[in-house]
Amino acid sequence: GTITTICPGYEPLTDTLAGNLIWSRGVNSDLVDTGSNCPITAEVNGSTASSPSSQTCTQSDGAGGSSTVAISAYTFVIAPDGHTATENLSGNLTFIVDGATLLCTLNQTGSYEKIGN
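K.L.:
How would you summarise the state of the cysteines if you had to cite specific residues and measurements?
P.N.:
Tallied over the entire structure, the rule returns 2 disulfides. Between the sulfur atoms of Cys7 and its disulfide mate Cys104 the distance is 1.9 Å. Between Cys7 and Cys104 the disulfide shows an S-S torsion of about 105 degrees. By sign, it is right-handed. With Cys7 in the loop between strand S1 (2-6) and strand S2 (13-16) and Cys104 in strand S10 (residues 100-113), this pair connects stretches of sequence that are 97 residues apart. The buried category is assigned to Cys104, whose relative accessible area is 1%. Two residues share a disulfide in this structure: Cys38 and Cys57, whose sulfurs sit 2.0 Å from each other. Between Cys38 and Cys57, the S-S dihedral sits near -75 degrees, and the bridge is therefore left-handed. Remark: Cys57 occurs in strand S7 (residues 56-60) and Cys38 occurs in the loop between strand S4 (31-33) and strand S5 (41-45); sequence separation between them is 19 residues. A residue is classified by how much of its surface remains accessible, and Cys57, at 15% relative accessible area, is buried.

Now the structure itself:
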């Protein structure tokens, strides 16, 4: 899959989406992604897990700055074969470095294959 970040005044940046997505039962939601530094919570309806909008996650860049992801839409849909799925995420990405703020848009798409229970 891919992650595309679009920031005003910069060329769009597209990175490869890599790694595993690990869903676990949530406490305050049906599911929680436990395989990332910014966990996504989701509610399940049939074969689709959807995230409530306005979830946010802030991370330090390790050099005094930070970035915040604010999800506006998220879906994870399991295909009828039960072994593959697709993911779509959109939202905003805000960078704060040396007191300056840069607001960007973020779009992520991915395809997954089940490798374990």
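K.L.:
Tell me about the pairing of S10, and name the residues and values.
P.N.:
Note that S1 and S10 share 5 bridges and pair antiparallel. Bridging across to S10, Thr4 finds its partner in Asn107. Sheet topology note: the strand S9 (residues 84-97)/S10 ladder contains 14 bridges and is antiparallel. By the bridge assignment, Thr86 is partnered in S10 with Ser111.

K.L.:
Tell me about the environment of Val77, and name the residues and values.
P.N.:
Take Val77: it is sitting in strand S8 (residues 66-78). A relative accessible area of 29% means that Val77 is categorised as partly exposed. For the pair formed by Val77 and Val44, sequence separation is 33 residues and the distance between their alpha carbons is 9.7 Å. Leaving out residues up to four positions away in the same chain, Val77 has contacts with Ser47, Thr48, Thr84, Ala85 and Thr86.

K.L.:
Run through the packing of aromatic side chains, naming residues and quoting values.
P.N.:
For the structure shown, the criterion picks out 3 aromatic pairs. A centroid spacing of 5.7 Å and a plane angle of 50 degrees characterise the contact between Phe76 and Tyr112, whose relative ring orientation is tilted. Taken as a pair, Phe76 in strand S8 and Tyr112 in strand S10 lie far apart in primary sequence, 36 residues in all. With a relative accessible area of 18%, Tyr112 lands in the buried category. Among the aromatic side chains, those forming a connected cluster through ring pairs are Trp23, Tyr74, Phe76 and Tyr112.

K.L.:
Summarise the nonpolar core; cite the residues concerned and give the values.
P.N.:
Counting residues in hydrophobic clusters, the biggest one holds 15 residues, and the most contacted among them are Ile40, Ala49, Ile71, Tyr74, Phe76 and Leu89. Elements with a contribution of two residues or more to this core: S8, S9 and S10. Excluding anything up to four places from it in sequence, Ile40 contacts Trp23, Leu31, Val32, Asp33, Ser51, Gln55, Ile71, Tyr74 and Leu89.

What counts as what
Residues numbered from 1 in each chain as written. Predicted model: local features only at pLDDT ≥ 70, side-chain atom pairs only at ≥ 80, totals over all residues. Heavy atoms only, no water. Disulfide = S-S within 2.5 Å. Helix = DSSP H or I, 4+ residues; strand = E, 2+ residues; numbered from the N terminus. Buried < 20%, exposed > 50% of the residue type's maximum accessible area, 1.4 Å probe, protein only. Pairing = 2+ DSSP bridges. Contact = heavy atoms within 4.5 Å. Phe/Tyr/Trp six-rings, centres within 6.5 Å; stacked < 30°, edge-to-face > 60°. Core = buried A, V, L, I, M, F, W, Y, C linked by side-chain atoms within 4.5 Å.

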